[in-house]
Amino acid sequence: MPRIDAGPPHYKEMLPPIILENYGKWRYHVIPRPGVLKHVAENGAELYSVRAGSPRLVSIDFIRDMCALADEYCDGFLRFTSRNNIEFLVSDAGKVEPLISALEAKGIPVGGTGNSLSNIVHTQGWVHCHTPATDASGIVKAVMDDLHEYFTDMKLPAKLKVAMACCLNMCGAAHCSDIAMVGVHRTPPRVNDEKVQKGTEIPSLVASCPTGAIRPNPKTKSVVVNEEKCMYCGNCYTMSPGMEIADPKNDGVAILIGGKTSNARTAPSFSRMVIPFLPNNPPRWPEVTEAVRHIVEVYASNARQGERLGEWVERIGWEKFFILTGIEFTDKHIDDYIFSRETFRTSAAFKF
Amino acid sequence: MEKGPASPEIKEKVLAYLATVEKAKSKEIAAAIGEKKADVDLAVKELAFEDKVEYLYITTTFVALKGKVGAPQ
Amino acid sequence: MSEKKTPQLDELEKGQWPSFVTEIRKAAAKNPAAEDLLGLLERSYEEKKGHWKHGGIVGVKGYGGGVIGRYTDLPEEYPNLAEFHTIRLNQPSGWFYTTKSLRTICDIWEKYGSGLTNLHGSTGDIILLGTTTENIQPAFDEFSDAGFDLGGSGSDLRTPSCCVGPARCEHACYDTLDACHNITNEFQDELHRPMWPYKFKIKFSGCANDCTASIARSDCSIIGTWRDTLRIDQDAVKAYVQEGLDIQGAVCDKCPTRALKFDYKKNELNVIAEECTRCMHCINVMPKAIRPGQEKGATILLGGKSTIVQSAFMAWVIVPFMKMEDDYEELKDLLRRIWEWWDENGKTRERIGETIYRLGMGKFLREVGLPPVPQMVFRPRANPYVFWQQDEINK
Ligand code: HEM
Ligand code: HEM
Ligand code: HEM
Ligand code: HEM
Ligand code: SF4
Ligand code: SF4
Ligand code: SF4
Ligand code: SF4
């Protein structure tokens, strides 16, 4: 008889002895090399966390491989970070370098600490979701291949948190990242009356549209879309499979930048759209990887030490950002959704 | 916080109401049978354990008599 | 089947970053559904479109969430994907594991599923990708015997998650792992039996660095802080000076409130206590010398969500300081009052932040019984359009 509502395993069963002994008693940490955090406790105990990248979508063989490494180098204790990195919890300083060599021999990169690019938080995409405007794992793989050096080194001005969401549901929390890649549609849904009639609650479907573009059509017992009002968010498709929004010829990726969630120095902020559309070009999305690399490089060579991407842009001004990157500014960059006015410049002070 | 067992009358009323519809949200059931939503939630929980009703996630969560709604076509 | 070509996916096995395609291929060697997944994904790459249907009619006895139905729209061509459901397992606090526990998961998943997983999903769960309707209950039974339980899905409390906290971080202002475990166990009905207008996420971060991105990713964000003064160790300050740290430039000048004064002559760093907003910047740069204060607790923020539908919201302050003690009774009581209000007032598929936005903070605060305080806003309103209450006007 299975237990019901027993809750998750207790975390204390999962902690290595050094953490149980020093729980809540850590004094400080340093980063002796990229990919390694050294935490020192009040009593002088030292814990080394070796951070390694993972594709997030992993097989049980991969997990078993990582377990074998953890058994060999850190008594079988490991954890995962909020950005899908793996951290090996090593209490014997002598085993840090051998573990890193063993990881690298398996093609697992070590890095993601301090002023580096961490792993890209992302979503399911074509692998396992019904609403994507693009794939997630494939773009992430292509971008991480391209920016690999920024993961394994700490040569950026500050941390760089990148996120990828394959539709505007944004399961992966893209809206407050330094750089966000977001799958977008560009054409209104095509109403399939037969599917809408079958099991869709028309009032809920009508109510789901944020712009009021959907009206009931009593004649067909379905709905019609006012295409001028639609901004292609795809929320109606989530409500009904009859609102077909996927459009291979027009779906693609938008790039937003400059968000953050930490409170350090400046308040948390949303990312802002700088590239409204790049085409879906599988398997390697060259337009997307190139755009991201370009933004990272302009940031890296212009920002002051310690400045997050958004802090840098806010200091120099967004008008300056478009000049430095050469990204074209268009009418599409100016918000026309519901909270737009607060983004308009109500001041005569700006740069040229 | 132990919530105690559900009221057998409310469970009967929930089943009777679900027999008249394809599926419903627990808030709608509560309104239809004139009971507090918290009591309906508890009744639905027990009925689910008894395999008489099930939860369905179709854009939001609904409750239906077990087996009444099939997989998507 | 192995002669099926996947030229596009093959491209994604090249390059230095570990490849998810390689992972699917490993699973495909043992599991026909994973093999079909390679074919289906290649097809998506060719056609630039997904091949999954809306799903959802599967579950475990007694549970209303934790399993997500998935069906391909091409079942004739990919019969092993006709059913390819997701199981969400509730992760242990802080995502700590022993290899023994991970191997147990692998063994059960090898028996009942595709062998593919996400470590972890965006909400925090262990995501097991791909099993059949028939296998769900037996898989759950074995996971349950092994000490695991389902996470949330649907219109319920989603699996709470937390940062690494006191287990390995000197900044933690409360025990995020314990709080997460405690709250998860307290609200099992809310997690497993959906009953609300929509989903509700809780994330616990031990300090304002907010490593779980709770302010953006959760409806209720619980961020550690302190109410007294941060502590400075002057000997350690001198050691940083010795190491060559530019304390004026890298620390004082970047303090958002200019609360730090560096005395060059004495090599002493002092804080104007009442000016500090506890942003964590100076502590991040000088962890050996500066520490949070001693009267610790958390700030509670509410309303964070993503862009669908009313634009993205970041969570905003509703309780500036709460002690995280006594079995978290104060927090639990607050959560219950919030949920009751939302259940009463929320429309279907409306997140708590949207409900409050639609009906007004004033109404929310009055009805949930929270006192308005200036910490809730950056600045007060710029218009005089106040909704006065009946008892506030002269009759
Ligand atoms: C010295 C200061 C800091 C320390 C000691 C620190 C420590 C940590 C630790 C221990 C983690 C792993 C947390 C977990 O997975 O639960 C982490 C992750 C993270 N931290 Fe910090 N952090 C610091 C500063 C910051 C700052 C200033 C930011 C943002 C501006 C930040 C953003 C993040 C993010 C986004 C993650 C997830 C990273 C990942 O999983 O790769 N942290 N940090
Ligand atoms: C660029 C910046 C963005 C960032 C950094 C961001 C970040 C996030 C985060 C962290 C989440 C929480 C995911 C979770 O539940 O774990 C999220 C959810 C979401 N985001 Fe965004 N997002 C961004 C932009 C957008 C945009 C432009 C849209 C839509 C137009 C959007 C729509 C959503 C939606 C619908 C959700 C689900 C939210 C929920 O209800 O939990 N996001 N986003
Ligand atoms: C009715 C609308 C929605 C449906 C039907 C839906 C369905 C799903 C499904 C089926 C999955 C599992 C994918 C898989 O692992 O196989 C999923 C994952 C997820 N969804 Fe949704 N979703 C909806 C809306 C949202 C919204 C609005 C958000 C966020 C604001 C969201 C956040 C998430 C998150 C965080 C995950 C985990 C994704 C991951 O781990 O990569 N979902 N959703
Ligand atoms: C939303 C409500 C308000 C409306 C509709 C409103 C409308 C106006 C109008 C029509 C004018 C005349 C502008 C002109 O033709 O020169 C004016 C001027 C003024 N209003 Fe308001 N007002 C509002 C709220 C306020 C508030 C709350 C304050 C003060 C806190 C305020 C302070 C003033 C002042 C000082 C002027 C004179 C400004 C100047 O001539 O430089 N108003 N307002
Ligand atoms: S972001 Fe959209 S497409 Fe991607 S997994 Fe989430 S709901 Fe699916
Ligand atoms: S895509 Fe969005 S805006 Fe367009 S009709 Fe659907 S819900 Fe409305
Ligand atoms: S949120 Fe604060 S306490 Fe938690 S891991 Fe990050 S830095 Fe440490
Ligand atoms: S915590 Fe932030 S506000 Fe407070 S003194 Fe340090 S830098 Fe200044």
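The present account deals with the structure reproduced in this document. (Residues numbered from 1 in each chain as written. Chains lettered and ligands numbered in written order. Predicted model: local features only at pLDDT ≥ 70, side-chain atom pairs only at ≥ 80, totals over all residues. Heavy atoms only, no water.)

### Concerning the overall build of chain A
Selection criterion: Helical segments are the DSSP runs of H or I of at least four residues, strand segments are the runs of E of at least two, and each set is numbered from the N terminus. Whether a residue is buried, partly exposed or exposed follows from its accessible area with a 1.4 Å probe, protein chains only, as a fraction of its type maximum: under 20%, in between, or over 50%, in that order. Two residues qualify as a contact provided that any one of their heavy atoms is within 4.5 Å of a heavy atom in the partner residue. Per-residue and other accessible areas follow the Shrake-Rupley method at a 1.4 Å probe size, with only the shown protein chains counted as cover for residues. Positive charges come from Lys and Arg, negative ones from Asp and Glu, while His and the chain ends are left out of the count. All charge positions are set by atom: Lys at NZ, Arg at CZ, Asp at CG, Glu at CD.
The secondary structure content of chain A amounts to 11 helices and 14 strands. Expressed along its principal axes, the backbone C-alpha trace of chain A runs to roughly 75 × 70 × 35 Å. In chain A, which comprises 352 residues, the share counted as buried stands at 60%. In chain A, once contacts between residues fewer than 6 apart in sequence are set aside, the share between residues at least 24 apart is 64%. If you sum the accessible surface of chain A, you get close to 13800 Å²; carbon and sulfur atoms cover 52% of it. Treating the 39 positive side-chain charges of chain A as one cloud and the 40 negative ones as another, the clouds have centres 4 Å apart.

### Structural notes on the interface of chain B and chain A
Cut-off, in case you're wondering: As used here, buried area is the combined drop in accessible area, with a 1.4 Å probe, of two parts when they are placed together. By definition, a salt bridge exists where a carboxyl oxygen of Asp or Glu is found within 4 Å of a side-chain nitrogen of Lys or Arg. Two N or O atoms count as a polar contact when they lie within 3.5 Å, although within protein this holds only if one can serve as hydrogen donor and the other as acceptor, and sequence-adjacent residues are included solely when both atoms are side-chain atoms.
On the side of chain A, five residues touch chain B, which itself brings five residues to the contact. Overall, the association of chain B and chain A removes approximately 450 Å² of surface from exposure, summing both partners, and the carbon and sulfur fraction of that is 53%. Applying the counting rule to chain B against chain A returns zero salt bridges. Where chain B packs against chain A, one counts zero residue pairs in polar contact (both at pLDDT 80 or more).

### Some remarks on the packing of helix α10 (residues 309-316) of chain A against helix α11 (residues 318-325) of chain A
Residues and elements named next belong to chain A. Where we set the bar: Structural elements are reduced to axes, namely lines fitted to C-alpha atoms, with helices fitted over the stretch in contact, and the angle between N-to-C directions of any two is expressed from 0 to 180 degrees. If an angle is under 35 degrees, it is roughly parallel; if it is over 145, roughly antiparallel; if it lies from 65 to 115, roughly perpendicular; otherwise it is oblique. The nonpolar class holds Ala, Val, Leu, Ile, Met, Phe, Trp, Tyr, Cys and Pro. Asp, Glu, Lys and Arg form the charged class, and all remaining residues, Gly among them, are polar.
The interhelical angle for the contact between α10 and α11, taken along N-to-C directions, is 105°, at an axis separation of 6 Å. Comparing their axes, α11 and α10 come out roughly perpendicular. Across the interface between the two elements, Trp 312, Val 313, Glu 314 and Ile 316 of α10 pack against Trp 318, Lys 320, Phe 321 and Leu 324 of α11. Among the residues forming the contact of α10 with α11, the class breakdown is six nonpolar, no polar and two charged.

### Thoughts on the sheet that holds strand β7 (residues 162-165) of chain A
All names here are of chain A. Convention followed: Between any two strands, pairing holds if DSSP finds at least two bridges.
Taken in spatial order, the four strands of this open sheet run β7-β8-β13-β14, and their pairing is mixed. This sheet does not close on itself; its edge strands, each paired only once, are β7 and β14 (272-279). In this sheet, adjacent strand axes meet at a mean angle of 20° when their direction is disregarded. Where strand β8 (residues 179-184) and strand β13 (residues 252-257) come together, six bridges link them in antiparallel fashion. When the sheet's bridge partners are listed, Ala 180 is paired in β13 with Leu 256. Together, β13 and β14 form the strand contacts of α11, whose direction differs from that of β14 by roughly 35°.

### A few points about unusual backbone geometry
Along the chain, Pro 282 of chain A connects to Pro 283 of chain A via a cis peptide bond; the corresponding omega equals 5°. With respect to the helices and strands, Pro 283 of chain A occurs in the loop between β14 and α9 (286-302). Cis peptide bonds are those with omega within 30 degrees of zero, and the linkage from Leu 119 of chain C to His 120 of chain C qualifies with 0°. Checked against the element boundaries, His 120 of chain C lands in the loop between β4 (116-119) and β5 (126-129). Unlike most non-glycine residues, Trp 95 of chain C shows phi in positive territory, near 55°. One can find Trp 95 of chain C in the loop between β2 (86-89) and β3 (96-98). We classify Trp 95 of chain C as buried; its relative accessible area is 5%. Despite not being glycine, Asn 267 of chain C has its phi angle at roughly 55°, a positive value.

### Thoughts on the pattern of salt bridges
All names here are of chain C. Applying the stated criterion across every chain, the model contains 51 salt bridges over all chains. Notably, a salt bridge pairs Arg 158 with Asp 156, separated by 3.4 Å at the nearest N-O pair. For the pair Arg 158 and Asp 156, one class covers both residues: buried. Close ionic contact of Lys 332 with Glu 186 constitutes a salt bridge, the shortest N to O distance being 3.3 Å.

### Considering the sheet that holds strand β7 (residues 202-205) of chain C
All names here are of chain C. With mixed pairing, the five strands of this open sheet are ordered in space as β6-β7-β8-β13-β14. The open sheet has two edge strands, β6 (161-162) and β14 (316-322), and neither has a second partner. Lying over the sheet, helix α6 (residues 176-186) contacts β6 and β7, oriented at roughly 160° with respect to β7.

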